[in-house]
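Here is what each chain is made of, one letter per residue.
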Number of protein chains: 2
Amino acid sequence: MKSYLEMTREELLAEKNELEKEFQNIKALSLDLNLTRGKPSPHQLDLSMGMYDIISSKSILRTEAGTDCRNYGSLDGIDEAKRLMAGFMDCREDQVIVHGNASLSIMYDTIARAMIHGVLGSTPWCRLDKVKFLCPVPGYDRHFAITQYFGIEMINVPMTKTGPDMDLVEKLVQEDASVKGIWCVPKYSNPQGITYADETVRRFAALKPAAPDFRIYWDNAYAVHDLYEDDKDELLPIMRECEKVGSQDMVYEFCSTSKVTFSGAGISAMGMSEANRNDMLKQMSVQTIGHDKIKQWTHTRYLKDMDGVRAHMAKHAAIIRPKFEAVDQILSREIAPRKIGTWVKPKGGYFICFEALEGCAKAIVKKAKEAGIELTAAGAPFPYRIDPKDATIRIAPTFPELEEMKQAANVFACCVRLVSVEKLLTCC
Amino acid sequence: MKSYLEMTREELLAEKNELEKEFQNIKALSLDLNLTRGKPSPHQLDLSMGMYDIISSKSILRTEAGTDCRNYGSLDGIDEAKRLMAGFMDCREDQVIVHGNASLSIMYDTIARAMIHGVLGSTPWCRLDKVKFLCPVPGYDRHFAITQYFGIEMINVPMTKTGPDMDLVEKLVQEDASVKGIWCVPKYSNPQGITYADETVRRFAALKPAAPDFRIYWDNAYAVHDLYEDDKDELLPIMRECEKVGSQDMVYEFCSTSKVTFSGAGISAMGMSEANRNDMLKQMSVQTIGHDKIKQWTHTRYLKDMDGVRAHMAKHAAIIRPKFEAVDQILSREIAPRKIGTWVKPKGGYFICFEALEGCAKAIVKKAKEAGIELTAAGAPFPYRIDPKDATIRIAPTFPELEEMKQAANVFACCVRLVSVEKLLTCC
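Reference entry: report on the structure contained in this document. (Residues numbered from 1 in each chain as written. Chains lettered and ligands numbered in written order. Predicted model: local features only at pLDDT ≥ 70, side-chain atom pairs only at ≥ 80, totals over all residues. Heavy atoms only, no water.)

## Here's the deal with the interface of chain A and chain B
(1) Moving on: In this assembly, 54 residues from chain A lie in contact with 54 residues from chain B.
(2) Moving on: Between chain A and chain B the total buried area reaches about 4700 Å² when both faces are included, carbon and sulfur atoms providing 58% of it.
(3) Moving on: On the chain A side of the contact with chain B, R70(A), Y72(A) and Y149(A) bury the most area, a combined 17% of that side's loss.
(4) Moving on: Across the pair D292(A) and K295(B) runs a salt bridge, and its minimum N-O distance is 2.7 Å.
(5) Moving on: Our enumeration of links across chain A and chain B arrives at 22 residue pairs in polar contact (both at pLDDT 80 or more).
(6) Moving on: Among the secondary structure elements, those contributing two or more residues to the side of chain A that touches chain B are helix 2 (42-46), helix 4 (103-117), helix 5 (141-149), helix 9 (274-287) and helix 10 (293-303) of chain A.
(7) Moving on: Here the residues of the side of chain A that touches chain B sort into 25 nonpolar, 18 polar and eleven charged. (Contact = heavy atoms within 4.5 Å. Buried area = accessible area lost by both parts, 1.4 Å probe. Salt bridge = Lys/Arg side-chain N within 4 Å of Asp/Glu carboxyl O. Polar contact = N/O pair within 3.5 Å; in protein donor to acceptor, adjacent residues only side chain to side chain. Helix = DSSP H or I, 4+ residues; strand = E, 2+ residues; numbered from the N terminus. Nonpolar A, V, L, I, M, F, W, Y, C, P; charged D, E, K, R; others polar.)

Rendered as structure tokens:
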């Protein structure tokens, strides 16, 4: 199979002709498929329904320490939930605060607190002329939405195969005191599925920020979301690396069970140094009387410990692995030899990130929509929703059924080919 | 029985002598009772355990509209939960947003949003030199803690038997554009148990604030928390009254099931005008992917509708009514005839508010502690925890067992008498 880049104009025109016929045939199928949703499929959610068989009117909803989970209290979570979530983050139980149904709200709240009250006594950010965040790109759109909402200037930092470009991160963090944070999804990154290399994590821990209130926002959303039991990425625990070099106040770690048990109905947690934790608890004591302990009780009784979590996640992997592999196979067959797109084959997480030829992403998304396939808007994985190269497309394989996923990936491949041919024809 | 106020010095000295002996006898009992906790007793929490019999691994956790409650989505809550919470607030379903496990967090967040983003396009409060809140006193300590945390100046407004002193409220709100809000617990107020009169509610709806971003923070925490089925206080629905006069953007209403089902593990909600609701949803779309819909599902399936809620609350009343009545009887017997304290006998809510002789509250709390009875700190129901008269003591009768409550109330009465005698002796 010939690379499109090596085709003559005549060959490209012939290819275009063929693809247009194929596209018309696809359109005639009136498909209605959706690849935008980074959420579990119903079969995955079924995996956790057993949680509701371990609780009934007869249950004694007490913690190990004897606290009644049905009443107020336990601001930082019940001990057994702290222990479980410490396992997700590979940190100590005493570094954890267990929160409500979503880690996104904790991140929002952590930024809101810095805006109004500062960080460990620093000037509240709302009083500063300029606050900047580093945003590894492509990244998670909802991170960027939070910083944009608070009027924080976002600076793109390119992702590499080992994580963010650390030369650039070090330079910006160490030179500019208005840089107050960086968004990271360090394991199976959203959307590329890249896990930060050990060296990257160590360089993060060794950062010497110009701003004392600079924090690494370490969203370990896919901490346990491996696709292959015998080929997992291992992420160095940032909290421990920071402790080794005395920089433990520089990191906030986040995680949740949203894609372990129920999405938006699980529990979430933060891992932090003692100083950061006390700072947060001071605010929380005003904000809430405590998070839902009954849900903490059911989660800890159901998942038990990290062995339990890993066994549970293997069931998820069995459901979603074939979908990821189908996309990879179809792209490998249809796209790779034609040299019109690249992607990382992820070993975990929730996405496949497709890099089209420059200037093609929007057109591919539009073309796919015409064919009945909904894709995440081009630009979404970038601050301000602007992809400077117009090349990145996020594919979410978990929610559709396998056969739908295969059909959608084939249609997607056809759209990529058609748009790429058109692009190449306008260039030459 | 003679009023202490009419006693001669000799009579007071004799009384003191007797009371000191009684106090020594009490101390010898080494009691350990706690009247600080405005939270349900375990028996009350048992009432809702049936909720966990209606959910199991076999449940189809879908909303009436077919949404899967186990997955992301439904930012403003599921329809049936909106309908249920609209019943609590006597407003329309389309005015409701259902939130997480506690209304306190919504209040905190509503103020945080105003601080950073303003209210319906107004200047963010963090950019203003001065922001003030009116605080009907005595009131709810956690309200005051929120405004204090955000550096908002709090102005005391005395409570009357019909609600806050509305002459003062009108004057302050209409004259001072830095007054941005007022905290209200309009039904069975915390801690006095006073329900705002119809006229008070109408005057609230008719306020003409100098600040366009002034809001009434209407915390209807005890909307359905009646002690007597045949003698309930009726609160005029503020949302409707505001709509009648076109002031619907001026009120935020809050409620929750914290003292209906499980404390800190129920659901909460806000009722608002369309403009306020859209403003909040814009923020929420950045802050969260939605609140826990499984809990909304279990709550709506268990409580069903307002008839279900009322039947459920009657069971709560049956448990706590005897405790409230015991306190009332003991105070009526021991305190009232001696003219050394007053209180409103509440028909609902969670507290009894005792007004001691001026300058006695702190001493009574201290004395009770010596006798093994923990009372809420004097001053707690006031902004900055300063009770200008040092007279108010909040009693929380719900948590202790009935016999404990009786014992504690008797000890409390002894302490009130002893401190009052001492006070009167220093005055004359």
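Read on, since the account is not over.
## Concerning the nonpolar core
(1) Moving on: By size, the foremost hydrophobic cluster in this structure holds 68 residues, and its most contacted members are I111(A), W125(A), F150(A), I111(B), W125(B) and F150(B).
(2) Moving on: In this structure, I111(A) is in contact with W125(A), F133(A), I146(A), F150(A), I152(A), W183(A) and Y217(A), ignoring residues within four places of it in sequence. (Core = buried A, V, L, I, M, F, W, Y, C linked by side-chain atoms within 4.5 Å. Buried < 20%, exposed > 50% of the residue type's maximum accessible area, 1.4 Å probe, protein only.)

## A closer look at the sheet that holds strand 13 (residues 392-395) of chain B
Two orientations exist for strands paired in a sheet by backbone hydrogen bonds: parallel and antiparallel.
Residues and elements named next belong to chain B.
(1) Moving on: A sheet is described by the order of its strands in space; here three strands give the open sequence 10-11-13, paired in antiparallel fashion. The sheet is open, and its two edges are formed by strand 10 (341-342) and strand 13, each paired on a single side.
(2) Moving on: Relative to strand 11 (residues 352-356), strand 10 runs antiparallel, the two being bridged by two bridges. Its bridge partner being in strand 11, T342 is matched across the sheet by E355. (Pairing = 2+ DSSP bridges.)

## Here we look at the packing of aromatic side chains
Residue and element names in this part refer to chain A.
(1) Moving on: Counted according to the given criterion, the structure contains 32 aromatic pairs over all chains.
(2) Moving on: Aromatic pair Y108 and F150: ring centres 5.1 Å apart, planes at 50°, arrangement tilted. Here Y108 is found in helix 4, whereas its partner F150 is found in the loop between helix 5 and strand 4 (153-160), with 42 residues between them in sequence.
(3) Moving on: An angle of 15° between the planes, with centres 6.0 Å apart, marks the rings of Y222 and Y350 as stacked. In this pair, Y222 is assigned in the loop between strand 7 (215-219) and helix 8 (238-245) and Y350 in the loop between strand 10 (341-342) and strand 11 (352-356), connecting sequence segments 128 residues apart. Grouping residues by exposure puts Y222 and Y350 together as buried.
(4) Moving on: Among the aromatic side chains, those forming a connected cluster through ring pairs are W125, F133, W183, Y217, Y252 and F254.
(5) Moving on: Against the face of F399 rests K39, its NZ or CZ located 5.2 Å from the ring centre. (Phe/Tyr/Trp six-rings, centres within 6.5 Å; stacked < 30°, edge-to-face > 60°. Lys NZ or Arg CZ within 6 Å of the ring centre and 35° of its normal.)

## A closer look at the pairing of strand 13 (residues 392-395) of chain A
Residues and elements named next belong to chain A.
(1) Moving on: Burial along strand 13 is two-sided: the face carrying T392 and R394 and the face carrying I393 and I395 are both buried.
(2) Moving on: Of the pairings in the sheet, the one linking strand 11 to strand 13 comprises four bridges and is antiparallel in character. When the bridges of strand 13 are listed, C353 appears paired with R394.

## Here's the deal with the relation of the copies chain A and chain B
(1) Moving on: Structural alignment of chain A on chain B gives an RMSD of 0.0 Å, achieved by rotating through 180° and translating 0.0 Å along the axis. Here the two chains are linked by the operation of a two-fold rotation axis.
(2) Moving on: A shared binding surface is used by both copies, with 100% of the interface residues of chain A retained as interface residues in chain B. (Least-squares fit on C-alpha atoms with pLDDT ≥ 70 in both.)

## Points about the side chain of E15(A)
(1) Moving on: Mapped onto the elements of the fold, E15(A) is located in helix 1 (residues 9-28).
(2) Moving on: Excluding its chain neighbours within four sequence positions, the residues that come into contact with E15(A) are Y4(A), M7(A), R338(A), R417(A) and V421(A).

## Thoughts on the sheet that holds strand 11 of chain A
(1) Moving on: Reading across the sheet, the three strands line up as 10-11-13 (chain A) and stay open at both edges, with antiparallel pairing between neighbours. Strands at the two margins of the open sheet, each flanked by one partner only, are strand 10 and strand 13 of chain A.

## Points about the state of the cysteines
(1) Moving on: Under the defined criterion, the tally for this structure stands at zero disulfides over all chains.
(2) Moving on: Cysteine C126(A) shares no disulfide, and the gap to the nearest cysteine sulfur, in C126(B), comes to 3.7 Å. (Disulfide = S-S within 2.5 Å.)

## What to know about the packing of helix 4 of chain A against helix 5 of chain A
Residues and elements named next belong to chain A.
(1) Moving on: It is at 10 Å that the axes of helix 4 and helix 5 come closest, and there the two elements cross at 25°. The angle between the axes of helix 4 and helix 5 places the two elements in the roughly parallel class. Between helix 4 and helix 5 lies a crossing whose hand is right-handed. Contact with helix 4, carried on its side by L104, M107, Y108 and I111, involves R142, H143, I146 and Y149 of helix 5 and no other residues of that element.
(2) Moving on: A per-class count over the contact of helix 4 with helix 5 returns six nonpolar, one polar and one charged. (Axes fitted to C-alpha atoms, helices over the stretch in contact; angles between N-to-C directions. Parallel < 35°, antiparallel > 145°, perpendicular 65-115°, else oblique. Left-handed = near helix turned anticlockwise from the far one by under 90°.)

## Comments concerning the packing of helix 5 of chain A against helix 9 (residues 274-287) of chain B
(1) Moving on: Remark: helix 5 of chain A packs on helix 9 of chain B, axes separated minimally by 8 Å, with the N-to-C direction vectors making an angle of 135°. In terms of their interaxial angle, helix 5 of chain A and helix 9 of chain B are classed as oblique. Here R142(A), A145(A), I146(A) and Y149(A) of helix 5 of chain A lie close against helix 9 of chain B, whose contacting residues are Q283(B), S285(B) and V286(B).
(2) Moving on: The residue inventory of the contact of helix 5 of chain A with helix 9 of chain B, partitioned by class, reads four nonpolar, two polar and one charged.

## Description of the pattern of salt bridges
All names here are of chain B.
(1) Moving on: Taken as a whole and assessed by the stated rule, the structure comprises 70 salt bridges over all chains.
(2) Moving on: Residue K82 pairs with D79 through a salt bridge whose shortest N-O separation is 3.6 Å. One end of the pair is K82 and the other is D79, both in helix 3 (residues 79-89) and three residues apart, which spans about a single turn.
(3) Moving on: Exposure remark for D79: the relative accessible area of 36% places this residue in the partly exposed category.
(4) Moving on: A salt bridge links K369 to E374; its shortest N-O distance comes to 3.2 Å.
(5) Moving on: Of the residues examined, K369 reaches a relative accessible area of 53% and is grouped as exposed.

## Some remarks on the environment of L35(B)
All names here are of chain B.
(1) Moving on: Within the fold, L35 resides in the loop between strand 1 (33-34) and helix 2 (42-46).
(2) Moving on: Taking the C-alpha atoms as reference points, L35 and E175, separated by 140 residues in sequence, lie 40 Å from one another.
(3) Moving on: With residues up to four places along the chain from it excluded, the contact list for L35 reads I373, E374, L375, T376, R394, I395, A396, P400, M405 and A408.

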